[in-house]
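Architecture at a glance
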Amino acid sequence: MENTSALQLVRETDDFVASLIAQMDLAEKIGQMCQIDVAGEALSEELKARLSAGEVGSIINQVDVELVNEIQRVAVEESRLGIPLLIGRDVIHGFKTVLPIPIGQAASWNRDLVEAGARISALEAARAGVNWTFAPMLDIARDPRWGRVAESFGEDPFLASVLGAAMVSGFQGQSLRDNGSIAACAKHFAGYGAAESGRDYATTNIPENELRNVYLQPFHAAVTAGAATVMTSFGDLNGIPCTANGFLLRQILREEWGFSGFVVSDWDSVFHLKIHGLTADDAGSALEAAQAGVDMEMASTTYKQYLAQLVEQGKLSESVIDQAVARILRLKLALGLFENPYTEPEALPAYGNTQALDVARQTARESIVMLKNAETLLPLSANTLRSIAVVGPLADAPYEQLGTWIFDGDSALSVTPLEAIRRRVGPEVEVNFFQAMATSRDRNTDAFEAVAEAAGQSDVVLMFLGEESILSGEAHCRADINLPGAQAELVRKLKAAGKPIIAVILAGRPLTLTNVIDEIDALLFAWHPGTMGGEAISDLLFGDFSPSGKLPVSFPRHVGQVPVYYNHKNSGKPPSDDAIVHIDDIDANATQTSLGMTAFHLDEGFRPLFPFGFGLSYADFAYAKLSCDKQQVRLGETLRISAEVSNQGSCKAIETVQLYIRDLVGNVTRPVRELKGFRRIELEPGQTETVTFDLHTDDLAFFGRDQQRVIEAGEFRVWIGGSSEAELETGFSLID
Ligand code: NOJ
């Protein structure tokens, strides 16, 4: 019954779309393929004329709901065919209520929370008339210099796939037709995060096998989860810019994955094809992009200017245009825009409502990763403190805690750490604030002596360090990823004042912390935690909750190690802790030999400072009794892997239990470890739980030498633990 009605719906949709296309002239069809930037401006006569002429399929950057409704009205009532518009906006990690940046959300390893966060973002954005967002960003990010690592889910394809699919579900809801659902866009297809030297927009070179096994995985997951649209990357991938890359857009996306939504270019990226040197002129760019499978052009106007002439000259088949238009119209239909293109803001929840703030606070709390807690300095007990020194440029910066790319974020809703701490400890405890630096980049140390002296009088020193929002995000890449400005010096000055240092770092990327980590006694890495960041930080500092975040990305010791990621290949000469030589220990006149040498750096070894999956808790988790229910598994079977996890600490806490495997031999080499599952469990002190993972042999598939998916018989190692360096190990074999 259900199938019949689903089939009927498809037929009705196809009929509707076909009959509409049959009525459209070429210019109207091309109009649907154009998205124009309205830059938040009032409805001009020029825009009105373009809308009435049917020259526009979508607008971007208008969030005044009255104007959006007016723009829709002109499109629907004053154009010949009355086709409603897609209203696009970057809703990346919140709308008015801002959630942690995506890399922070990834540190929660909590798919349900990521979905809930996207839902509240969709509801708020829909209230402004937005029906299409350009998220999630699914680019695997293994280079912390890249500014957009902030918008990513980190370095691992499995984690990014799970969280990307969750975000798609949150935006799109049960049905796109529901009030408050908005279309998602999986971006940037593909390989954008591998920009050379972490410099945004720079060239990417990714071998096809790595592309398939790593970079494409999260996109495939998003497409499977029903993502309505996909955006091309600005990048040049292996010599063919992604916006003209038929291998990506036709072969992989459409033919292999069966994607039925539509593809939008990135901002001006069709126009950029000429600048890349792929085409000689804009007409050539329009032709390459349309033929490769870009259905809608964002911002630039090569489609508007040249597609008709390309069809008339016989260079481009009109069927390419018809297919693109059909896909775009199908989304408009699915969103219910033909029935009701208008937004009634009052029918949607208010901005910054309690539920939204609760989700933002919980997500921020779960995104924070505790990286150090010497002498169990944390949590603090508000009852025994008389005075607290709060120091640093990010303690009371309502806008800076929101993070990159938050056009609509309302910093008036922000609760800063200083504010939250004051509220949490009440009037009994003196809280003294010393900003010490104008910004995180300030190099002026004049105030440091006095600040250290004054702060040193308090019972405890809380430092709020890191990067402002603008230091990460699109085109905001850094070659040096230390704490900027004189922050390291400020840490040293305060440490010298004799009090233990508790640091909270707010940043858009992993930073190299090697030069300060020994001076800091306890460290919470809070990313850019969003609107409720202050409350969330205070929740953890005072032990109302235990930290539970785990790193979704490795933290290098030194920027020269980049890329450093846990799921690398073994190489023929893998390093080990007892076989590395330090640069200081090399004799004069030492002779060069390759014997016994391995893949490490003379000055930094090979390990990151903090590995993927790592994060401390106020509890103390112990792992034991790792076992597989069988030693041999046959193709098509499921293996049950379990381990006991006990909370040996004295407080209730959440642990993210992680499952890793290694496929020892493959027809292409396999990573030294691969995340295959994770589960978040909450344990009371003294409680033990057996955590079980079901691993189907399909989960062992990879793309082999011929770029086909293969599952190979052989030996596998298995680890379960609290990070990618989990030690509890077992194994199994897969037999045909
Ligand atoms: C450029 C960015 O690369 C993309 O992620 C974003 O969605 C568009 N601009 C629209 O603002």
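The sections below set out a description of the structure shown in this document. (Residues numbered from 1 in each chain as written. Predicted model: local features only at pLDDT ≥ 70, side-chain atom pairs only at ≥ 80, totals over all residues. Heavy atoms only, no water.)

1. Side note on the packing of aromatic side chains
A ring pair, where both rings are aromatic, is described by two values, the distance of the centres and the angle of the planes. Quick note on the threshold: The pairing test for Phe, Tyr and Trp rings, Trp by its six-membered ring, is centres within 6.5 Å, and the orientation test on the planes gives stacked under 30 degrees, edge-to-face over 60, and tilted for anything in between. Secondary structure counts use DSSP, requiring at least four H or I residues in a row for a helix and at least two E residues in a row for a strand, with both numbered from the N terminus. Between buried and exposed lies partly exposed: a residue is buried under 20% and exposed over 50% of the maximum accessible area for its type, with that area taken using a 1.4 Å probe on protein chains only.
Considering all chains together, one arrives at 21 aromatic pairs under this definition. On the numbers, 5.1 Å between centres and 65 degrees between planes, the contact of phenylalanine 189 with phenylalanine 219 is edge-to-face. Placement of the pair is phenylalanine 189 in strand S5 (residues 185-189) and phenylalanine 219 in helix H9 (residues 217-224), with a sequence separation of 30 residues. By relative accessible area, phenylalanine 189 is classed as buried at 0%.

2. Considerations on the packing of helix H10 (residues 246-256) against helix H12 (residues 282-292)
Filter applied, for reference: Axis definition: a line fit to C-alpha positions, over the contact stretch in the case of helices; interaxial angles, taken between N-to-C directions, run 0 to 180 degrees. For classification, angles of less than 35 degrees are called roughly parallel, those exceeding 145 degrees roughly antiparallel, those between 65 and 115 degrees roughly perpendicular, and all remaining angles oblique. Every residue pair with non-hydrogen atoms within 4.5 Å of one another is taken to be in contact. The residue classification treats Ala, Val, Leu, Ile, Met, Phe, Trp, Tyr, Cys and Pro as nonpolar and Asp, Glu, Lys and Arg as charged. All others, Gly included, are polar.
Orientation of H10 relative to H12, taken along the N-to-C sense of each, is 20 degrees, at an axis distance of 8 Å. The orientation of H10 with respect to H12, classified from their angle, is roughly parallel. In this structure, H10 contributes Gly246, Leu249 and Arg250 to the contact, and H12 contributes Ala290, Gln291 and Ala292. Broken down by class, the residue content of the contact of H10 with H12 amounts to 3 nonpolar, 2 polar and 1 charged.

3. Structural notes on the site of the ligand
Let me state the cut-off plainly: Throughout this document, a residue counts as near a molecule or strand when at least one of its heavy atoms sits within 4 Å of that molecule or strand. As used in this structure description, the phrase polar contact means that two N or O atoms lie within 3.5 Å; if the pair is within protein, one of them must be able to donate a hydrogen and the other to accept it, and residues adjacent in sequence are counted only when both atoms belong to side chains. Computed with a 1.4 Å probe, the accessible areas rest on the Shrake-Rupley method; for each residue, only the protein chains presented here act as cover.
By nearness alone, every residue bordering the ligand is listed as Ile60, Asp90, Phe134, Arg148, Lys187, His188, Met231, Phe234, Asp266, Trp267, Met298 and Glu474. Note that an oxygen atom of the ligand is positioned 2.7 Å from one of the side-chain N or O atoms of arginine 148. Burial of the ligand by the protein chains amounts to 96% of its free accessible area of 300 Å². In terms of residue class, the shell around the ligand is made up of 6 nonpolar, 1 polar and 5 charged.

4. Some words on empty space enclosed by the protein
Basically, it comes down to this: Here the term cavity refers to a set of points on a 1 Å grid, laid over the protein atoms alone, in which a 1.4 Å probe fits but cannot get out; the term pocket refers to an open set having protein on both sides within 12 Å along at least five of seven lines, with lining residues being those that place an atom within 4 Å of a point. Grid points are joined across faces, edges and corners, and a volume is the space filled by probe spheres set on the points.
Applying the stated criterion to the full structure yields 3 cavities of 30 Å³ or more. Here the largest cavity is characterised by a volume of approximately 40 Å³. Lining the largest cavity are Ile120, Leu123, Glu124, Pro349, Ala350, Asn353, Gln355 and Ala356. Going through the elements one at a time, helix H6 (111-127) and helix H15 (354-367) are the ones with two or more residues in the lining of the largest cavity. Residues of the lining of the largest cavity, tallied by class, amount to 5 nonpolar, 2 polar and 1 charged.

5. Some words on the side chain of aspartate 139
Cut-off, in case you're wondering: Neither His nor the chain termini are counted; the positive set is Lys and Arg, and the negative set is Asp and Glu. Salt bridge, as used here: a side-chain nitrogen of Lys or Arg that lies within 4 Å of a carboxyl oxygen of Asp or Glu.
Relative to the elements of secondary structure, aspartate 139 occurs in the loop between strand S4 (132-133) and helix H7 (157-172). It turns out aspartate 139 is buried and unbridged, and the closest side chain with the opposite charge, arginine 148, is 6.5 Å from it. Leaving out residues up to four positions away in the same chain, aspartate 139 has contacts with Trp146, Ser152, Gly154, Lys187, His188, Gly191, Tyr192, Gly193 and Phe219.

6. Thoughts on the pattern of salt bridges
A full pass over the atoms with the stated rule returns 47 salt bridges. Put simply, arginine 111 and glutamate 115 hold a salt bridge, and the shortest N to O gap is 3.1 Å. Remark: glutamate 115 and arginine 111 occur in helix H6; sequence separation between them is 4 residues, near one turn of the helix. Looking at arginine 111, the relative accessible area reads 30%, which means it is partly exposed. Glutamate 604 is the salt-bridge partner of arginine 557, the closest N and O atoms lying 3.0 Å from each other. You can see arginine 557 sitting in the loop between helix H19 (533-541) and strand S17 (621-628) and its partner glutamate 604 sitting in the loop between H19 and S17, a full 47 residues away along the chain.

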